[in-house]
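Residue-level listing of the chains:
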Number of protein chains: 2
Amino acid sequence: MIYPTILCGGSGTRLWPLSRQSYPKQFVPLLGDETLFQAAARRLTGPGFAAPLVLTNSDFRFIVTEQLQAAGVEPGAILIEPQGRNTAPAVLAAALTVAARDPAGVVLVAPSDHVIPDAEAFRAAVARGLAAVEAGDIVTFGITPDHPETGYGYLELAAAPEASGAPVKLARFVEKPARTAAEEMLAAGNFLWNAGIFLFRAADMIAAFETHAPELSAAVRAAVDEAVPDLGFLRLAPGPWAKAPDISVDYAVMERAENLSVVPFSAHWSDLGGWGAVLSEGARDARGVGTFGAATAIDCTDSLLRSESEGVELVGIGLENIVAVAMNDAVLVADARRTQDVKKAVDALKAKGAKQATQFPKDHRPWGWFETLALGPRFQVKRIVVAPGAALSLQSHHHRSEHWIVVQGTAEVTIDDKIQLVTENQSVYIPLGAVHRMKNPGKLPMVLIEVQTGAYLGEDDIIRYEDVYSRGQGAKG
Amino acid sequence: MIYPTILCGGSGTRLWPLSRQSYPKQFVPLLGDETLFQAAARRLTGPGFAAPLVLTNSDFRFIVTEQLQAAGVEPGAILIEPQGRNTAPAVLAAALTVAARDPAGVVLVAPSDHVIPDAEAFRAAVARGLAAVEAGDIVTFGITPDHPETGYGYLELAAAPEASGAPVKLARFVEKPARTAAEEMLAAGNFLWNAGIFLFRAADMIAAFETHAPELSAAVRAAVDEAVPDLGFLRLAPGPWAKAPDISVDYAVMERAENLSVVPFSAHWSDLGGWGAVLSEGARDARGVGTFGAATAIDCTDSLLRSESEGVELVGIGLENIVAVAMNDAVLVADARRTQDVKKAVDALKAKGAKQATQFPKDHRPWGWFETLALGPRFQVKRIVVAPGAALSLQSHHHRSEHWIVVQGTAEVTIDDKIQLVTENQSVYIPLGAVHRMKNPGKLPMVLIEVQTGAYLGEDDIIRYEDVYSRGQGAKG
């Protein structure tokens with residue numbers, strides 16, 4: 001049995017403003033209707049695959065469950081990393097978790113943010129890898145390069161890959177090369193791109209960590225042993241986890257291990273490492289222009305125009321090699337060949353204290369989501385959407401009062417001792433200091449408009465009395 | 001006495017999305033804090049100038065009064081054109097209006113959307129023109145060209161202008177030239193750009209119209225004679241006005257008249273005819289980059305980055321010769337040398353039915369303004385700002401009920417027979433069909449959040465019972 005493990009705790013900024021720390025690219029429908037994470041989860045289902053294991057962090061846990069549910073994938077387990085510690089601790093935690101359930105289990109570790117359109121071809125590659133795994137090898141997957149890319153690491157194979165795609169022994173890992181080295185490797189024929197996908201027997205990986213990274217091994221083992229179940233998630237123990245070094249599995253183990261093989265993969269693959277990649281991966285017209293949402297291109301070539309909001313009309317005129325991404329709260333316009341510099345944009349926004357650097361306009365919570373519609377002196381207007389059956393915590397505020405107007409569905413509203421149903425087109429007032437809660441008792445999403453007034457309107461002005469999602473005082477609501 | 005007349009009924013789209021039919025560029029602070037219209041009004045004040053006459057259309061009349069008030073300029077009269085009919089009818093209407101007040105009056109007609117930073121130099125040029133006017137000439141102002149522009153008409157002078165800037169007889173008008181013709185005119189030295197600014201005795205212009213355009217003359221004279229005062233505005237009579245041909249003063253009169261002189265004007269002038277011009281007229285850094293509002297330029301050259309909304313962070317990376325203008329509801333990204341094609345963008349948006357083609361996000365009304373914060377199925381959220389002392393009409397709706405939450409100031413709210421004061425952080429409910437009105441009895445702007453619910457939420461679902469601004473049934477509210 002193969003236990004697929006999806007790593008989705010990362011939060012890249014190279015696709016800002018669509019990918020932000022609070023809602024990174026794997027959760028965004030970048031190409032088509034599905035998110036990259038959903039596509040990854042569905043790619044790893046089928047005969048021979050167990051239900052997937054997901055490793056994520058606490059902030060993303062409800063996004064993970066929501067997106068898996070929407071994709072029709074039942075997870076085997078969702079492990080919550082107390083902190084992001086790179087791939088080594090995550091891979092070992094997955095191996096230990098699988099070994100505890102199935103001592104002979106085989107683990108397939110894959111990132112959640114890659115594009116692999118041909119899922120059949122990918123599963124066939126995994127199947128080819130099993131022979132090497134049964135011989136005790138850790139298998140990496142190597143992408144057949146089609147250009148001398150300097151942004152990826154390479155795998156040097158002991159021999160040129162065969163047409164069958166059978167596993168080949170790995171000679172060595174090659175770090176991101178300079179241009180000439182990349183050209184030489186492309187010409188040589190026995191170098192493949194390192195896709196960061198691994199297949200191994202859980203027991204073999206555990207042994208490799210014990211040999212090559214004993215301290216990390218002990219820390220992660222303790223974090224898994226002391227993990228605490230919480231509302232369907234498995235929270236790794238924060239104390240021991242904090243002692244695990246922040247290191248990639250390549251550095252910690254793979255570059256030191258001997259029992260390594262590579263399965264060549266020649267179907268299409270992309271890590272969508274920047275907007276330039278999104279442009280080339282997506283649908284384009286005859287002039288090389290991709291448009292998405294409310295976007296209009298006039299006389300443009302080789303450009304990407306994306307409006308990520310129904311309400312924002314984006315127009316490009318006479319553009320060449322330009323990427324423009326428009327959202328409600330942020331707009332990026334960049335030379336398509338310079339999209340690696342998007343990180344600089346995020347740094348610049350962080351430096352000026354702009355929340356757009358890290359915060360997504362929609363704030364996803366276990367019960368649904370909200371967004372700020374208007375923020376003024378002493379007032380804030382939010383749209384709040386509560387999932388069927390979900391409830392916000394029982395709470396009160398020191399500095400603000402709230403007006404709620406239900407515009408869709410029915411809310412069950414608690415104010416101090418009173419519980420009432422508030423239906424479409426009705427409103428209630430929550431005085432400053434009142435203990436209150438809202439719940440959606442219905443079968444469809446409930447939408448309400450909240451108007452807050454007060455001297456301080458921060459999310460951390462919250463006292464929690466009861467919370468079905470076990471969140472603490474002042475934590476996000 | 002010189003009677004300055006400002007033409008501001010036009011609605012250019014070349015600076016879309018900031019300039020739109022419902023709120024065109026003359027009313028926007030494009031350079032600095034003042035709008036172009038305010039700058040024009042202040043340029044035409046001083047010794048020898050009467051209070052300005054303003055020609056505009058009905059939709060802009062309250063914007064005109066609001067902006068004049070903010071600029072500290074008291075208008076002599078505000079004439080409302082029932083329809084836009086180009087400059088000929090407007091110029092004649094101004095001449096007739098002035099002649100009725102002062103038979104010896106001199107009229108200075110100027111557009112409201114030009115940039116002339118040196119107001120002193122401009123007034124000095126006007127003073128130089130008076131000698132020719134006293135000799136019975138109609139004076140046009142000619143801008144000393146500094147490049148072979150193909151986008152303007154030219155004035156051929158009978159002789160090269162003198163250093164004194166004294167009026168010179170006009171030889172002929174030259175239409176927008178081809179490139180080589182423009183280069184020849186620049187080299188010749190006796191060709192100036194036609195700025196569309198005119199100085200004349202009212203009686204002379206009236207006589208010129210009677211001679212060269214008798215039908216237009218009769219129509220406009222009737223429209224002025226039958227004009228109706230309305231809340232401080234003077235509404236030209238729509239019936240006769242509709243009979244006036246839609247034609248420019250150049251075509252109707254100037255190209256046929258003999259008594260024409262030109263005053264050369266060599267100080268800086270621009271018609272801000274496109275975003276490229278806004279880029280070159282505005283402040284720029286050493287790399288030629290202009291930023292405005294929440295905009296960040298990373299490694300850009302010769303580009304303009306404008307965020308027109310506090311809430312929208314605009315970032316440019318590696319751009320060259322790009323104009324990017326970001327608003328709440330629309331974003332333009334264009335090659336700076338192609339900004340003449342912005343009209344195509346507006347046409348494309350019109351064709352797809354996008355309201356952004358013509359409608360500004362803030363809807364200005366006689367009592368203040370509003371903007372839509374959110375629009376969903378069966379609900380709409382608006383921010384409404386009511387000026388001190390102002391009131392909305394007494395009205396009712398067939399298809400929607402409304403919740404009002406006051407977030408700043410105090411509202412005097414009428415619902416059916418009841419009048420109540422609603423203060424900050426209070427709310428009221430307006431049931432479907434109830435006759436209601438809101439008024440700001442205070443000394444500061446009153447801000448409220450309106451949540452509408454209902455099956456139809458169009459602005460035209462309105463029955464008016466009383467309106468201090470004399471608007472009709474179903475008209476904008």
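Quick notes on the rules
Note that residues are indexed from 1 along each chain, following the sequence as it is written. Ligands are numbered from 1 and chains lettered from A, in the order in which they are written. In view of the model being predicted, local features appear only for residues whose pLDDT reaches at least 70, and side-chain atom pairs are presented and counted only at 80 or more, with totals across whole chains, interfaces and linings using the full set of residues. Each side-chain value is worked out from all heavy atoms of the structure, with water and hydrogens disregarded. In this text, helices come from DSSP runs of H or I with a minimum length of four residues, and strands from runs of E with a minimum of two, each type numbered from the N-terminal end. When we talk radius of gyration, it's over C-alpha atoms, and the globule rule is simply 2.2 Å times the number of residues to the 0.38. Note on exposure labels: buried denotes an accessible area under 20% of the residue type's maximum, exposed denotes more than 50%, and partly exposed covers the range between, all computed with a 1.4 Å probe on protein chains only. Note on contacts: a residue pair qualifies if any of its non-hydrogen atoms lie within 4.5 Å across the two residues. Note on areas: Shrake-Rupley, 1.4 Å probe, and residue coverage restricted to the protein chains presented here. Residues scored as charged are limited to Lys and Arg (positive) and Asp and Glu (negative), so that His and the chain ends carry no count. In plain terms, the charge of a residue is placed at NZ if it is Lys, CZ if Arg, CG if Asp and CD if Glu. UniProt positions are given in the numbering used here, feature names are shortened, and annotations may be inferred rather than shown by experiment. A residue counts toward the fit only if its pLDDT is at least 70 in both copies, and the copies are then superposed by least squares on the C-alpha atoms of those residues. What counts as buried area is the accessible surface, traced by a 1.4 Å probe, that two parts surrender upon association, with contributions from both included. Salt bridge, as used here, is a side-chain nitrogen of Lys or Arg placed within 4 Å of a carboxyl oxygen of Asp or Glu. In this classification, the charged set is Asp, Glu, Lys and Arg, the nonpolar set is Ala, Val, Leu, Ile, Met, Phe, Trp, Tyr, Cys and Pro, and all remaining amino acids, among them Gly, are polar. Strands qualify as paired when DSSP identifies two bridges or more between them. We define a nonpolar core as any set of buried Ala, Val, Leu, Ile, Met, Phe, Trp, Tyr and Cys residues linked to one another through side-chain atoms lying within 4.5 Å. Domain limits in this description derive from either an automatic procedure or a database domain assignment. Residues adjacent in sequence count toward polar contacts only when both atoms are side-chain atoms; beyond that, a polar contact is any pair of N or O atoms within 3.5 Å, and within protein one must be able to donate a hydrogen and the other to accept it. Axis lines are fitted to C-alpha atoms, over the contacting stretch for helices. Their N-to-C directions set the angle, which ranges from 0 to 180 degrees. Note on terminology: angles under 35 degrees are roughly parallel, angles over 145 are roughly antiparallel, angles of 65 to 115 are roughly perpendicular, and the others are oblique. Handedness of a helix crossing follows the sense of rotation of the near helix relative to the far helix, less than a right angle counterclockwise being left-handed and clockwise being right-handed.

A. The overall build of chain A, seen in detail. Looking only at helices and strands, one finds 11 helices and 28 strands in chain A. A compact globule built from 477 residues should have a C-alpha radius of gyration of about 23 Å, and chain A, at 24 Å, falls within 12% of that. Each principal axis of the C-alpha distribution contributes one length, and for chain A these read about 75 × 60 × 40 Å. A buried classification covers 57% of the 477 residues belonging to chain A. Long-range contacts, defined here as pairs at least 24 residues apart, represent 68% of the contacts in chain A between residues at least 6 apart. Accessible surface, chain A as shown: approximately 18,600 Å² in total, 52% of it carbon and sulfur. Averaging the positions of the 42 positive and the 55 negative side-chain charges in chain A gives two centres separated by 4 Å.

B. Here's a closer look at the UniProt feature "domain: Nucleotidyl transferase" (unreviewed entry) in chain A. Taken from the UniProt record, the annotation "domain: Nucleotidyl transferase" (unreviewed entry) applies to residues 5–280 of chain A. Here residues 5–280 of chain A is 37% helix and 21% strand, with 28 Å between the C-alpha atoms at its ends.

C. Structural context of the relation of the copies chain A and chain B. Each copy of the sequence occupies a distinct position, and chain A is placed on chain B by a rotation of 179° and an axial shift of 0.0 Å, giving an RMSD of 0.1 Å. Overall, the copies show the geometry of a two-fold rotation axis. No C-alpha of chain A approaches the rotation axis more nearly than that of A:Leu373, which lies at 2.9 Å. A shared interface surface links the copies, since 100% of the contact residues of chain A are contact residues in chain B too.

D. Fine view of the interface of chain A and chain B. Facing the 56 residues of chain A at the interface are 56 residues of chain B. When the two sides are added together, the surface that chain A and chain B hide from each other amounts to roughly 4,300 Å², 61% of it contributed by carbon and sulfur. Looking only at chain A, the three residues that lose the most surface to chain B are A:Glu313, A:Ile317 and A:Val333, adding up to 16% of its buried area. On inspection of chain A and its partner chain B, the count reaches 6 salt bridges. Of the charged contacts in the structure, one is a salt bridge between B:Glu424 and A:Arg378, with a shortest N-O distance of 3.5 Å. When grouped by side-chain class, the residues that make up the side of chain A that touches chain B number 32 nonpolar, 13 polar and 11 charged. As paired elements, strand β15 (residues 313–317) of chain A and strand β17 (residues 330–335) of chain B share 5 bridges and run parallel to each other. Its bridge partner being in β17(B), A:Glu313 is matched across the sheet by B:Ala330.

E. Structural detail: the nonpolar core. Membership of the largest hydrophobic core comes to 94 residues, with the highest contact counts inside it found for A:Leu30, A:Leu108, A:Phe141, A:Leu199 and A:Trp275. The residues contacting A:Trp275, other than those within four sequence positions of it, are A:Arg14, A:Leu15, A:Trp16, A:Leu18, A:Leu30, A:Leu304, A:Arg306, A:Val323, A:Val325, A:Leu332, A:Thr339 and A:Val342. Counting residues in each nonpolar core, the second largest holds 93 residues, with B:Ala195, B:Val278, B:Leu349 and B:Leu448 among its members.

F. Structural view of the domain arrangement of chain A. What the domain assignment lists for chain A is domain 1 (2–265), domain 2 (275–351) and domain 3 (362–466). If you average the C-alpha positions of domain 2 of chain A and of domain 3 of chain A, the two centres end up 35 Å apart.

G. Here's a closer look at the side chain of B:Lys382. Residue and element names in this part refer to chain B. Tracing the backbone through its elements, the reader meets lysine 382 in strand β20 (residues 379–386). Among the residues examined, lysine 382 registers a relative accessible area of 3% and is labelled buried. At 2.5 Å, the side chain of lysine 382 forms a polar contact with the side chain of glutamate 459. Apart from the residues within four sequence positions on either side, lysine 382 is in contact with Phe370, Glu371, Thr372, Leu373, Leu448, Ile449, Glu450, Gln452 and Glu459.

H. Spotlight on the UniProt feature "domain: Mannose-6-phosphate isomerase type II C-terminal" (unreviewed entry) in chain A. Following the UniProt record, the feature "domain: Mannose-6-phosphate isomerase type II C-terminal" (unreviewed entry) maps to residues 354–467 of chain A here. Secondary structure over residues 354–467 of chain A splits into 0% helix and 58% strand, and the C-alpha atoms at its two ends are 30 Å apart.

I. Inspection of the sheet that holds strand β15 (residues 313–317) of chain B at higher detail. Across the sheet, which stays open at both edges, the 6 strands sit in the order β12(A)-β14(A)-β16(A)-β17(A)-β15(B)-β13(B) with mixed pairing between neighbours. Two strands lie at the open edges of the sheet, namely β12 (290–292) of chain A together with β13 (295–298) of chain B, each paired on one side alone. Ignoring strand direction, the axes of neighbouring strands in this sheet form an average angle of 5°. Relative to β15(B), β13(B) runs parallel, the two sharing 4 bridges. Bridging from a neighbouring strand, B:Thr296 pairs with B:Val315 of β15(B).

J. Local environment of helix α1 (residues 36–43) of chain B. Across the 8 residues that make up α1(B), a large majority, 6, are buried. Taken together, the buried positions of α1(B) are occupied by B:Leu36, B:Phe37, B:Gln38, B:Ala40, B:Ala41 and B:Arg43.

K. Quick peek at the packing of helix α3 (residues 87–101) of chain B against helix α6 (residues 202–212) of chain B. Residue and element names in this part refer to chain B. Packing of α3 against α6 leaves a shortest axis separation of 9 Å and a crossing angle of 135°. Considered as vectors, α3 and α6 are oriented oblique to each other. When the axes of α3 and α6 are compared, the crossing they make is left-handed. Taking contact as the criterion, the partners of Ala88, Val91, Leu92, Ala95, Leu96, Val98 and Ala99 in α3 are, on α6, Ala202, Met205, Ile206 and Phe209.

L. Here's a closer look at the pairing of strand β5 (residues 138–143) of chain A. Residues and elements named next belong to chain A. Counting buried positions over the 6 residues of β5 gives 6, a clear majority of the element. With burial as the criterion, each face of β5 is covered, one bearing Ile138, Thr140 and Gly142 and the other bearing Val139, Phe141 and Ile143. Here β5 pairs with strand β11 (residues 260–265) via 6 bridges, running parallel. Bridge pairing in β11 places phenylalanine 141 opposite valine 263. Here β5 runs beside strand β8 (residues 191–201); their pairing, made up of 4 bridges, is antiparallel. When the sheet's bridge partners are listed, valine 139 is paired in β8 with leucine 199.

M. Summary view of the environment of A:Ile78. Residue and element names in this part refer to chain A. For isoleucine 78, the position within the fold is in strand β3 (residues 77–81). Given a relative accessible area of 4%, isoleucine 78 falls into the buried group. The spacing of isoleucine 78 and threonine 358 is 280 residues in sequence and 24 Å in space, taken between C-alpha atoms. Apart from the residues lying within four places of it in its own chain, the contact partners of isoleucine 78 are Val54, Thr56, Val64, Thr65, Leu68, Phe233 and Leu234.

N. Geometry of the packing of helix α6 (residues 202–212) of chain A against helix α7 (residues 214–225) of chain A. All names here are of chain A. It is the contact of α6 with α7, at a shortest axis distance of 5 Å, that shows an interaxial angle of 130°. Put simply, α6 runs oblique to α7. Two secondary-structure elements touch here, α6 through Ile206, Phe209, Glu210, Thr211 and His212 and α7 through Pro214, Leu216, Ser217 and Arg221.

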